[in-house]
Amino acid sequence: MYRPVNILDYMKDNLVYLDGGMGTLLQERGLMPGELPERWNITHPGDIIDIHRAYFDAGSNIVMSNTFGANIFKFEAEELDRIIFSAVENVRRAAHLSRGTQEKFAALDIGPLGKLLKPYGELSFEAAVEAYARTVRAGVKAGADLIFIETMNDSCDTRAAVIAAKENSGLPVFVSNAYGEDGKLMTGASPAAMTAMLEGLSVDALGANCSLGPKELRGVVEEYLKVSSTPVLLKPNAGLPRTENGRTVYDVHPEEFSELIAEYVKMGVRLCGGCCGTSPAFIERIVEKTKDLKPLPVTEKGLSVVSSAVRAVYIGKAGDPLRNGEESSGYADPVLIGERINPTGKKRFKEALRNEDLDYILSEGIRQQENGAHILDVNVGIPEIDEPALLKRVCYELQGVTDLPLQIDTADISAMEGALRIYNGKALINSVSGKEEVMRGIFPLVKKYGGIVVCLTLDEEGIPESADRRVEIASHIIETAAEYGIKKKDLIFDTLTMSVSADAKASLSTLGALKRISSELGCNTVLGVSNISFGLPDRDAVNSVFFSLALENGLSAAIMNPGSERMMKAYHAFRVLKGLDKNCEAYIENAGRYRETVPVKANEAPVLGNGDKDRALERTYGEAFTGPSEGKSTESGPEKELERAIIKGLKEKAASVTKELLKERTALSIVNEQIIPALDTVGQGFEKKTLFLPQLLMSAEAAKAAFMKIKLHAGEGRVKEGAEAEVSVSRGKFVIATVHGDVHDIGKNIVSLILENYGFEVIDLGKDVPAEVIADAVVRERAPLVGLSALMTTTVPAMEETIKLLRKRAPFAKIVVGGAVLTKEYADMIGADFYAKDAMATVRYSIECLS
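Keep in mind it's a predicted model, so treat the numbers as computed, not measured.

## Quick look at helix H5 (residues 77–97)
Stage number 1. Compared with an ideal rise of 1.5 Å per residue, which puts 21 residues at 30 Å, H5 spans 30 Å between its outermost C-alpha atoms and is within 8% of the ideal.
Stage number 2. Here H5 has its buried residues at Glu79, Leu80, Ile83, Ile84, Ser86, Ala87, Val88, Asn90, Val91, Ala94 and Ala95.
Stage number 3. Among the structural elements, helix H3 (40–43), helix H4 (45–58), strand E2 (62–64), strand E3 (105–110) and helix H6 (125–142) are those in contact with the buried residues of H5.

Spelled out as structure tokens, the structure:
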């Protein structure tokens, strides 16, 4: 009997069984290549109900509606609403008809939109949120018991879906991501990074599904169980796919599959089922294998973690045992927060903000990462600019060129919310204080969007002189945060560094409060180190010693200039002496690397009165006192500048340098000697997994900006005779399309962009393209290469049909295939010439074919 009790209550003490695959079962019932499976909710409800009922009969607690691709980009609004209503109703009817006596729940299934979000694609974050919101609202109206967001291969897309679910329903939200063989999402996120972001968004269960079989997902599962304080779910494929008589089949059978799932349950997985290639028989065996197992309790890991789109950074008391499974030493490292993206005391930076010179700002971020920063502070607050708009834009662009987490630094609540909403990860939030108004403004944002919040130990009465009072304020902040469900692990306390030149005992109060908050309250700490030396000569000498003292007293993170040689030497020396640097490897590697900063003058910034200190400390951490050390690239000359701009993804810089180079160089020489080598450097990093898809895409965009300048210059006739012909020469034509029935074009668009930058003439036919249209284009263009993409199991038969037609009509063309559901073996079976696991593999093969 269908009894919709609260799924969250049920899962506290019970192992939860999910359902299995849908696409392969629909194919068995006659779903045609290119046919949209979601329409079967209306046209073939009996078949859909039968499949759902079979899963309930097999023991599934949660069965997902047949709405994986049901979104506004695929269906008109009226049809979308009817599909979703019918789909949820089909699950509910199946639950009532099932003979199973277990608790049953109808989940609204939401798959990816199939589009890349900005800054890597064209779809805005808010457009993605609204697209998901339409699906969520329809599902809520239809009576779904929970929302199950699955097969997400991009962290930003995942974030948009979760925010849409949270803002448009009160239903539990489960999230499952699709990982590749490298244990990362398509856009590079690890399970640790996804856990940080999703726990910040307060999802109710998280984990992995699709792409791989249960054996191949072991590393992903182990990482989730190590870092997650949220129930972990798992829905693997039934191994690897192949075709038999036009049908997609898989190589892992129910018995082997269920044994592996039972092993994961013993390790701590709390929700389990199957994905592509699995059937009710798989679920039945899982239930049989695990029915006597007592689920392991979900434990609070106590991890303080921030994240970017791809990287998780753990924060703890330096030298203490960690909690951080990524550190081979097993101990917490001091975290360095780069302070240079901040206008205070920087004339050139203020000018860049006024002129919206994004490349200058981005270069500061890149430089700090190269100098060893782990997190970047981002503050764009000057009076004459639109801070909310610019802060959001800078965060967007920075996340395109660096994989470091960001500290969002603003006193403007609207600017903070705008940046947090679109931030791809879990941010460090700067800041709250003990002021009631400030806490009541910031804590709701932390609860909604996630983050670790910097807590200043000051209140309405100002900055206390004593350590005791600062600790009291910290305790009050902890109590107030708890009212919003924010735990101590998501608070980091700043005990406020004041200048010793004004108060000889200033450092003692700061360090005393820091030590007590760390040891007595068990909280992490942060300081703006350089404030200590204001008004003194040779300030870096004072700063570096104070930094070392703070680390020994429990400092977790320092906001500082990673370009300071003395500060970085103190950091590396501390790590050696604390046993954090195995064989002193990092110390030796970095010896002499950091440049001396420009000497800081004792009176470089104005002395602040008591009334000004409160405001300034909430906005900055002493950057007013560190003085200019803007730094320049160690590489000189426009040729090196262009290569660096492309490698780092600096679009405006690439365009401006190319324009200057064209005054002296031919277009072809610039392409062959700077642009292509730079792209090769990035491509090699991508293939070696030292760079990820976001960096590859941003570099491609920078190269595209350079190419646009070359084409514009040639078109205006400002280059030597013959140069226009040089830049118009193509390596060859490449027809590309997502096959009929599939509207997911992320992979296709990525491949198109990279191929164009390598000199191919790409004829992009779009998505959901019939086989005849693809064949017509290949014949018409006499294209020697054709690329086919498919994301879903149900559309692979359409790919096979397209290949058969191409072999008949265009035997001269080499066929490249790719997509999440494909393997090399599968590609061979359906007759493709080459399986491309990623965009660079396509480029390498294409160059080889035409060389």
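## Description of unusual backbone geometry
Stage number 1. Of note, the bond from asparagine 430 into serine 431 is cis; its omega dihedral lies within 30 degrees of zero at 20°.
Stage number 2. The residue serine 431 is located in strand E16 (residues 428–432) in this model.
Stage number 3. Phi angles above zero are rare outside glycine, and glutamate 356 is one such case at about 50°.
Stage number 4. One can find glutamate 356 in the loop between helix H12 (347–354) and helix H13 (358–370).
Stage number 5. Residues other than glycine seldom take positive phi values, yet arginine 782 does so here, at roughly 50°.
Stage number 6. With respect to the helices and strands, arginine 782 occurs in the loop between helix H30 (771–781) and strand E23 (785–789).

## Some remarks on the nonpolar core
Stage number 1. Ile149 and Ile675 are the most contacted members of the largest nonpolar core, which has 191 residues in total.
Stage number 2. The element contributing the most residues to this core is helix H27 (residues 693–715), with 10 residues.
Stage number 3. Residues within four places of isoleucine 149 in sequence aside, it is in contact with Ile110, Ala161, Val162, Ala165, Val173, Phe174, Val175 and Ser176.
Stage number 4. Counting residues in each nonpolar core, the second largest holds 28 residues, with Ile815, Val817, Tyr826 and Ala832 among its members.

## Structural notes on the packing of aromatic side chains
Stage number 1. Inspection of every chain in the model, using the stated rule, returns 7 aromatic pairs.
Stage number 2. Centre to centre, the rings of phenylalanine 148 and phenylalanine 174 are 6.2 Å apart; their planes meet at 70°, and the pair counts as edge-to-face. Of this pair, phenylalanine 148 sits in strand E4 (residues 146–152) while phenylalanine 174 is found in strand E5 (residues 173–177), placing the two residues 26 residues apart along the sequence. Taken as a pair, phenylalanine 148 and phenylalanine 174 share a single burial class, namely buried.
Stage number 3. On the basis of an interplanar angle of 80° and a centroid distance of 5.2 Å, the ring pair of phenylalanine 257 and phenylalanine 282 is categorised as edge-to-face. Here phenylalanine 282 lies in helix H11 (residues 280–290) and phenylalanine 257 lies in helix H10 (residues 254–267), a separation of 25 residues in the sequence.

## A closer look at the sheet that holds strand E7 (residues 232–235)
Stage number 1. What the 8 strands build is an open sheet, ordered E1-E10-E7-E6-E5-E4-E3-E2; its pairing is parallel. With one partner strand each, in any of the chains shown, strand E1 (16–17) and E2 form the two edges of the open sheet.
Stage number 2. Sheet analysis places E2 next to E3, joined by 3 bridges and oriented parallel. Along E3, the bridge assignment pairs valine 63 with alanine 106.
Stage number 3. Packing of helix H9 (residues 218–227) onto the sheet brings it into contact with E5, strand E6 (205–209) and E7, and relative to E6 it is tilted by some 170°.

Rules used in this analysis
- Residues numbered from 1 in each chain as written.
- Predicted model: local features only at pLDDT ≥ 70, side-chain atom pairs only at ≥ 80, totals over all residues.
- Heavy atoms only, no water.
- Helix = DSSP H or I, 4+ residues; strand = E, 2+ residues; numbered from the N terminus.
- Expected span 1.5 Å × (residues − 1).
- Buried < 20%, exposed > 50% of the residue type's maximum accessible area, 1.4 Å probe, protein only.
- Contact = heavy atoms within 4.5 Å.
- Core = buried A, V, L, I, M, F, W, Y, C linked by side-chain atoms within 4.5 Å.
- Phe/Tyr/Trp six-rings, centres within 6.5 Å; stacked < 30°, edge-to-face > 60°.
- Pairing = 2+ DSSP bridges.
- Axes fitted to C-alpha atoms, helices over the stretch in contact; angles between N-to-C directions.

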